[in-house]
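# Observations on chain architecture
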Amino acid sequence: MAAGGFIDMTKFTFEGKLVDSLSEMLFEDTLRAPDFTSIHTIFPGIVTNTEVGFIGEGGLVGVPDTGCNSSNQKWSINTRKLEWNPKTWEIFLKQCYTDLQNAATIYSLHTGVRIPDFTDTDYANIVLTVLRKSVRDFFYRTVWFGDTSAQSAPTGTVTAGLDTKYFTLLDGFWKQAITQAGENAEQRVTITENTGASYTAQKVSPENIVDYFAGLVYGAPIELRGMENQFILVTQSIYDAYTQYLASSQYLESARVMLLDGRSALSYDGIPVIAMPIWDKMIKSYFDNGTKYDNPNRAIYTARPVLGVGVDSRDSFDQIEMWYDRKDKVVFTRLMGRLDAKLTNPEMFTIAI
């Protein structure tokens with residue numbers, strides 16, 4: 001491991017006490033992703049294969065009266081089931097104090113017999129802070145871009161050189177939605193720019209945005225259009241193009257809405273349009289074949305109850321264990337949990353991709 005351990009200190013010249021406090025280093029701004037629960041419905045207690053039943057509408061009733069001795073009418077309530085198949089995930093890290101000795105990180109270590117135990121130092125606090133952001137990215141990468149059959153470019157879509165095991169835990173919402181839309185073409189709107197042969201050719205045109213949104217909304221099931229907590233989630237590229245379109249037509253301010261978490265968003269036909277820049281970041285980082293990206297412009301029209309995330313515990317993504325092993329003089333860090341992602345009603349969405 002490089003000098004400085006998990007924190008890359010090779011960018012700095014180490015000459016004695018040059019940087020004497022890690023706490024003085026500044027955190028770079030990172031993309032803010034929506035809170036998990038603001039766009040997903042969390043199902044806790046999913047620890048093994050589990051069936052969840054949903055009660056739908058009843059069948060037809062009401063026929064002409066035939067007088068005495070009426071005939072019994074057949075009637076039933078529609079039901080459907082959702083099958084959870086949670087997968088166990090793990091984050092396991094270990095580090096020896098010697099990784100920190102040839103860089104400025106040495107000043108965050110204790111002295112004497114406690115030198116190897118850095119679990120309560122400025123260094124550990126920074127590691128845990130940044131690790132929590134990486135865990136957030138793991139959540140979004142997995143539940144949205146997970147693909148159990150992911151392959152690296154040029155055969156597949158994952159950027160060459162990346163280990164595909166970071167994508168194969170489960171099939172995420174995009175994989176499920178694209179597969180479902182392949183069986184029902186009415187659930188998919190084609191974004192022509194995605195087929196462009198270069199990064200430049202894939203830039204979405206503001207003039208096309210309204211047609212894409214119209215296809216998403218007016219082609220959606222009427223039941224979806226009546227659901228609560230509905231929204232259109234879009235890549236930042238789509239959001240920017242929509243902003244440009246509205247600005248050119250002088251409708252920008254009238255389309256603004258305020259989300260429950262205090263963020264500003266746009267709207268289409270009264271439906272919140274929420275930017276997901278974390279999608280753009282991941283597409284550009286993880287789905288680049290060197291010439292173009294894999295569908296860099298994406299949108300999904302659905303509702304929060306449809307985006308189901310099954311977890312063993314609501315706080316499994318926050319439970320970080322960091323401990324010191326006195327025998328081997330090594331610090332370990334571990335998170336574990338169970339996770340699944342399901343479109344709880346495969347009919348209640350449309351995608352533009």
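As shown above, the structure is provided for reference.
This section reports on the structure supplied with the text. (Residues numbered from 1 in each chain as written. Predicted model: local features only at pLDDT ≥ 70, side-chain atom pairs only at ≥ 80, totals over all residues. Heavy atoms only, no water.)

## Examining the environment of isoleucine 42
- Structurally, isoleucine 42 is set in strand E1 (residues 41-43).
- Each C-alpha atom, one on isoleucine 42 and one on valine 311, is 7.2 Å from the other, the two residues being 269 residues apart in sequence.
- Excluding residues within four positions of it along the chain, isoleucine 42 makes contact with Thr37, Val309, Val311 and Arg314. (Helix = DSSP H or I, 4+ residues; strand = E, 2+ residues; numbered from the N terminus. Contact = heavy atoms within 4.5 Å.)

## Observations regarding the nonpolar core
- In terms of nonpolar packing, the biggest core is built from 84 residues, with Trp144, Phe213, Ile232, Leu233, Val273, Trp279 and Leu339 touching the most fellow members.
- When residues in this core are grouped by element, the largest group, twelve residues, is from helix H2 (residues 122-145).
- With near-sequence residues (within four places) excluded, valine 273 lies in contact with Phe213, Ile232, Val234, Tyr239, Tyr242, Ala265, Leu266, Ser267 and Tyr268. (Core = buried A, V, L, I, M, F, W, Y, C linked by side-chain atoms within 4.5 Å. Buried < 20%, exposed > 50% of the residue type's maximum accessible area, 1.4 Å probe, protein only.)

## Structural notes on H2
- Between its first and last C-alpha, H2 extends 34 Å over 24 residues, near the 34 Å set by a 1.5 Å rise per residue.
- Of all 24 residues that make up H2, 17 are buried, and the element is covered over most of its length. (Expected span 1.5 Å × (residues − 1).)

## As for the packing of H2 against helix H7 (residues 277-286)
- Relative to each other, H2 and H7 sit at 80°, their axes nearing to 11 Å. Between H2 and H7, the crossing angle belongs to the class labelled roughly perpendicular. Two secondary-structure elements touch here, H2 through Arg136, Asp137, Tyr140, Arg141, Trp144 and Phe145 and H7 through Ile278, Trp279, Lys281, Met282, Ile283 and Tyr286.
- The class makeup of the residues in the contact of H2 with H7 is eight nonpolar, no polar and four charged. (Axes fitted to C-alpha atoms, helices over the stretch in contact; angles between N-to-C directions. Parallel < 35°, antiparallel > 145°, perpendicular 65-115°, else oblique. Nonpolar A, V, L, I, M, F, W, Y, C, P; charged D, E, K, R; others polar.)

## Remarks on the side chain of arginine 298
- The topology assignment puts arginine 298 in the loop between H7 and strand E10 (299-303).
- Classification of arginine 298 by relative accessible area gives buried; the value is 3%.
- There is a polar contact of 2.9 Å between the side chain of arginine 298 and the backbone oxygen of aspartate 294.
- When neighbours within four sequence positions are excluded, arginine 298 is seen to be in contact with Phe145, Trp174, Ile191, Leu233, Val234, Thr235, Ile238, Trp279, Ile283, Ala352 and Ile353. (Polar contact = N/O pair within 3.5 Å; in protein donor to acceptor, adjacent residues only side chain to side chain.)

## Examining the packing of aromatic side chains
- For the structure shown, the criterion picks out 23 aromatic pairs.
- Centre to centre, the rings of tryptophan 89 and phenylalanine 138 are 5.2 Å apart; their planes meet at 55°, and the pair counts as tilted. Residue tryptophan 89 is located in strand E4 (residues 87-96), and its partner phenylalanine 138 is located in helix H2; the two are separated by 49 residues in the primary sequence. Across this residue pair, the class does not change: tryptophan 89 and phenylalanine 138 are buried.
- Taken together, the aromatic side chains of Phe36, Trp89, Phe138, Phe139, Tyr140 and Phe317 make up a single cluster linked through ring pairs.
- When the ring centre of tyrosine 166 is taken as reference, the NZ or CZ atom of lysine 165 above it lies at 5.6 Å.
- Looking at arginine 298, its charged tip hangs above the ring of tryptophan 174, at a distance of 5.3 Å from the centre. (Phe/Tyr/Trp six-rings, centres within 6.5 Å; stacked < 30°, edge-to-face > 60°. Lys NZ or Arg CZ within 6 Å of the ring centre and 35° of its normal.)

## A few points about the side chain of threonine 333
- Within the secondary structure, threonine 333 sits in strand E13 (residues 330-343).
- For threonine 333, the contacting residues outside a window of four places in its chain are Ile91, Phe92, Leu93, Leu131, Ile320, Glu321, Met322 and Trp323.

## Thoughts on the pairing of strand E8 (residues 264-268)
- Summarising burial for E8: four of the five residues are buried, a large majority.
- One ladder, built from three bridges, connects E8 with strand E9 (residues 271-275); its direction is antiparallel. Looking at the pairing, leucine 266 lines up with valine 273 of E9.
- Hairpin connection from E8 to E9: two residues lie between these consecutive antiparallel strands, with aspartate 269 at a positive phi of about 50°. (Pairing = 2+ DSSP bridges.)

## Regarding the packing of helix H4 (residues 206-218) against helix H6 (residues 236-248)
- Between H4 and H6, the shortest axis-to-axis distance is 8 Å and the interhelical angle comes to 105°. Between H4 and H6, the interaxial angle falls into the category roughly perpendicular. For the pair formed by H4 and H6, the contact residues are Pro206, Ile209, Val210 and Phe213 on the first element and Ile238, Ala241, Tyr242, Gln244 and Tyr245 on the second.
- Residues belonging to the contact of H4 with H6 are distributed by class as follows: eight nonpolar, one polar and no charged.

Everything listed is a geometric property; what it means functionally is a separate question.
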